[in-house]
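Descriptive analysis of the structure
What follows is the residue order along each chain.
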Amino acid sequence: MFVSQGFDAALAGVFGLLVGSFLNVVIYRLPKMMERQWAAELAEANAEANAAANMNGGNSAVLTAQAAEPFNLMVPRSRCGACGHVIRWYENIPLLSYLFLRGKCSACKTPISLRYPLVELATGLLFAWCAWRWPGQWTALAWCGFSAALVSLALIDWDTTLLPDDITLPLLWAGLLAASVRLIDVSLADAVWGAAAGYVSLWAVYWLFKLTTGKEGMGFGDFKLFAALGAWFGWQALVPIILMSSVIGIVVAVVLKFASGLREGGYVPFGPFLAGAGLTAMVFGPGAILRSVGL
């Protein structure tokens, strides 16, 4: 039993490394795909509004041309951002290629961000843990998908302050469906109430902050992500998750402020801390979060 469980975990870990490599593509390309879609919609709107004039015709043509270029999660092939070198298959083996290349592009020797292998390693470890925790169960696959979604959302939000609906909404529905067929240890009623309470609670905080200060303290993507976490863990887990994410978020913001690391506007995206709290709740359970702060 132990040997079989360990083998399954190792196999899942290897699969997680491959998924992590793909997540690096998602993290980089999905926001750019969204920007291209917005550009295409803007160009179309400009073209319709200025059909009888040439005021913005040139700009619309440029935006349309850019948006028309094939760019998705599959094409074009990955390239070095510095020299344009096309990454060959043996240069894209998770972890191993980074070590073999000594963290540099094989063509121009520009350093490769350490984040790429770290994403692969983190995803591999999360997948291995899921397979170890739920050996031979579909539940493990469900939580692997949950882990991959949160890793992607955390880094996309950190880079761009975007939490794409293409990930948050499927994550929300997956939690509700997983609860409905008992893949996760949450009743469907608790999952539904968790999703509703998660969304409404942050929505209320958003409007209270905006009416009080005239500023937006968070984005709508945070509501959807918290709703998704409520679906996966039930309404009972919302308090420990929001508590942990808020405390860590405040600590990080203070550290960045003193280190002069805050981005323009002095804000820190909240999504990465929600995602981190969600992964912590998956590994240790929501109750462990409260126990860690003496509650």
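For the structure, check the block above.
Residues numbered from 1 in each chain as written. Predicted model: local features only at pLDDT ≥ 70, side-chain atom pairs only at ≥ 80, totals over all residues. Heavy atoms only, no water.

Orientation of helix α4 (residues 115-133) relative to helix α5 (residues 138-160), taken along the N-to-C sense of each, is 155 degrees, at an axis distance of 8 Å. When the axis of α4 is compared with that of α5, the two are roughly antiparallel. Classified by chirality, the crossing of α5 by α4 is right-handed. Counting all contacts with α4, which are made through Arg-115, Val-119, Thr-123, Leu-126, Phe-127, Cys-130 and Ala-131, the residues of α5 involved are Ala-140, Trp-143, Cys-144, Ser-147, Ala-148, Val-151, Leu-155 and Asp-159. Here the residues of the contact of α4 with α5 are counted per class, giving eleven nonpolar, two polar and two charged. (Axes fitted to C-alpha atoms, helices over the stretch in contact; angles between N-to-C directions. Helix = DSSP H or I, 4+ residues; strand = E, 2+ residues; numbered from the N terminus. Parallel < 35°, antiparallel > 145°, perpendicular 65-115°, else oblique. Left-handed = near helix turned anticlockwise from the far one by under 90°. Contact = heavy atoms within 4.5 Å. Nonpolar A, V, L, I, M, F, W, Y, C, P; charged D, E, K, R; others polar.)

On to the packing of aromatic side chains, then. Applying the stated criterion across every chain, the model contains 14 aromatic pairs. Their ring planes at 80 degrees and their centres at 4.9 Å tell us that Trp-143 and Phe-146 sit as a pair that is edge-to-face. Within this pair, Trp-143 and its partner Phe-146 are both found in helix α5, separated by three residues, close to a single helical turn. A centroid spacing of 5.5 Å and a plane angle of 85 degrees characterise the contact between Tyr-199 and Phe-223, whose relative ring orientation is edge-to-face. In this pair, Tyr-199 sits in helix α7 (residues 188-213) while Phe-223 sits in helix α8 (residues 220-233), placing the two residues 24 residues apart along the sequence. Among the aromatic residues, those joined into a cluster by ring pairs are Trp-129, Trp-134, Trp-143, Phe-146, Trp-232 and Phe-233. Seen from the ring of Phe-71, Arg-29 lies directly overhead, with NZ or CZ sitting 5.5 Å from the centre. (Phe/Tyr/Trp six-rings, centres within 6.5 Å; stacked < 30°, edge-to-face > 60°. Lys NZ or Arg CZ within 6 Å of the ring centre and 35° of its normal.)

Our focus in this paragraph is the pattern of salt bridges. Oppositely charged side chains may form a pair once their charged atoms are brought near each other. Under the defined criterion, the tally for this structure stands at four salt bridges. Among the salt bridges present, the one from Asp-165 reaches Lys-224, with a minimum N-O distance of 2.8 Å. Taken as a pair, Asp-165 in helix α6 (residues 165-180) and Lys-224 in helix α8 lie far apart in primary sequence, 59 residues in all. A salt bridge links Glu-216 to Lys-210; the shortest N-O distance between them is 3.6 Å. (Salt bridge = Lys/Arg side-chain N within 4 Å of Asp/Glu carboxyl O.)

What follows deals with the side chain of Thr-168. Mapped onto the elements of the fold, Thr-168 is located in helix α6. A relative accessible area of 0% places Thr-168 in the buried class. (Buried < 20%, exposed > 50% of the residue type's maximum accessible area, 1.4 Å probe, protein only.)

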